[in-house]
Amino acid sequence: MINIVTIVGARPQFVKASVVSRAIARHNREQASPIHETIIHTGQHYDDNMSRVFFDDLMIPEPAINLSVGSGRHGEMTGQMLIAIEAELLRRKPDFLLLYGDTNSTLAGALAASKIPLPILHIEAGLRSYQRWIPEEVNRLVTDHLSSVLFCPTLRSVKNLELEHITEGVYHVGDVMYDAALIFAEIAGRTRGVERFGLELKNYYLATVHRPHHTDVPERMLAILEGLRGVATAGCPVAFPVHPRTQAKLREMRILDGPITTVTGVQNDRYPNVRLMPPAGFLDMVCLERSAKAIITDSGGVQKEAYFHRVPCVTLRKQTEWQETADAGWNQLAGDEAHEIIEAVANAKSGQEITEYGDGHAAEAIVKIIASLPTDGSLIHGN
């Protein structure tokens, strides 16, 4: 038996873990050598709409423990997670630590495992935006250089690792988020409709903004809101599910008076036709994404989800770790000035097909590789 500990803590990781955990369960039903997975939830996303609802919607196995770290400054969060994860790894003694993406939970897990030491398996390795001021860029760089096995979603990510002299233990497996898109779009299509949000199919824009670079700087947040105001009309509003920490910042800026409780959203007189909505559960978010006219976001994952649902995207950054979405014409890199947003939305369009995300079976490929790995410690760097 192979024993792995999986670290999750934020929305994108819940989605990725759901398809890999399904593939592990399928492997255990069909193969004689089982993989035992223990899930540890750091609590990085602790709001029910950002955490509990994802476990329910995605049917993820219950975590063995929730570390309940919550939000805070990057160093504070990472330090608390590092201490707690190290204690759990020393107690459980797994063969491998499985990490997803580029969150603070990922970095804390990588640092903890590297000190024990314990081989690290990194899903969604090799992504680079080449913007070191973005915390996630630092997280993914450090994690990749500490990992023993690197599962890459794209050929570009493999090349990025080669440029950093990482060539051993690298696999191009495709994107587990594409697996998830295929699985859950079909479920959402049967169980969800945009009518419950007071919206019409392909007759609204969907916006998400959560990065501290935007939310923590009032001038930037106001510029984004002006951009949203400039594209929203009575006939084609902007639906804006607001992340809990973004809600807190909007209250500080006196744009919101209190929590958002109605699914159809609230409007501020300064920004007519911009509907500030509660955070959406995963299946609701899939519904909102696939039914939108275009998506406006600062999220790395949502850029890609837009393509998976074949919806044009406008990214509130000048660079992206998912450059192939821009190269194929689906993703307009706009920056965060109001006039840039308005112009990019006007130019948003469909693009060409992208083949390197795989065929919807990335999770199965990952599990097959994990099942073949040696458990004698030879994968630890330096052994």
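Okay, so let's go over this structure. (Residues numbered from 1 in each chain as written. Predicted model: local features only at pLDDT ≥ 70, side-chain atom pairs only at ≥ 80, totals over all residues. Heavy atoms only, no water.)

Some remarks on the overall build of the protein
Okay, step 1: Scanning the protein for helices and strands turns up 15 helices and 13 strands.
Okay, step 2: At 20 Å, the protein has a C-alpha radius of gyration in line with the 21 Å of a compact globule built from 383 residues.
Okay, step 3: Its C-alpha atoms give the protein principal-axis dimensions of about 60 × 40 × 40 Å.
Okay, step 4: In the protein, which comprises 383 residues, the share counted as buried stands at 59%.
Okay, step 5: Here the contacts in the protein between residues at least 6 apart in sequence split such that 67% fall between residues at least 24 apart.
Okay, step 6: For the protein, the distance from the average site of its 37 positive side-chain charges to the average site of its 46 negative ones is 2 Å. (Helix = DSSP H or I, 4+ residues; strand = E, 2+ residues; numbered from the N terminus. Rg over C-alpha atoms; globule rule 2.2 N^0.38 Å. Buried < 20%, exposed > 50% of the residue type's maximum accessible area, 1.4 Å probe, protein only. Contact = heavy atoms within 4.5 Å. Lys, Arg positive; Asp, Glu negative; His and termini not counted. Charge placed at Lys NZ, Arg CZ, Asp CG, Glu CD.)

Here's the deal with the sheet that holds strand β4 (residues 96–100)
Okay, step 1: Read across the sheet, seven strands follow the order β3-β2-β1-β4-β5-β6-β7 without closing on themselves; strand pairing throughout is parallel. Two strands bound the open sheet, and with one partner strand each, they are β3 (65–66) and β7 (170–172).
Okay, step 2: Judged from the two bridges that link them, strand β2 (residues 35–41) and β3 form a sheet pairing that is parallel. Along β3, the bridge assignment pairs Ile 40 with Ile 65.
Okay, step 3: Its contacts with the sheet place helix α1 (residues 11–30) against β1 (2–8), β2, β4 and β5 (120–123), and it is angled at close to 160 degrees to β2. (Pairing = 2+ DSSP bridges. Axes fitted to C-alpha atoms, helices over the stretch in contact; angles between N-to-C directions.)

Things to note about helix α6 (residues 155–163)
Because each turn of an α-helix spans 3.6 residues, side chains separated by three or four positions end up pointing in the same direction.
Okay, step 1: For α6, the full list of buried residues reads Ser 157, Val 158, Asn 160 and Leu 161. Taken down its axis, α6 places every buried residue within 155 degrees of arc, on the same side. Residues Leu 155 and Leu 163 are exposed on α6 and point more than 90 degrees away from its buried face.
Okay, step 2: His 165 sits one or two residues past α6 and shows a positive phi near 65 degrees. (Arc of directions from axis to C-beta.)

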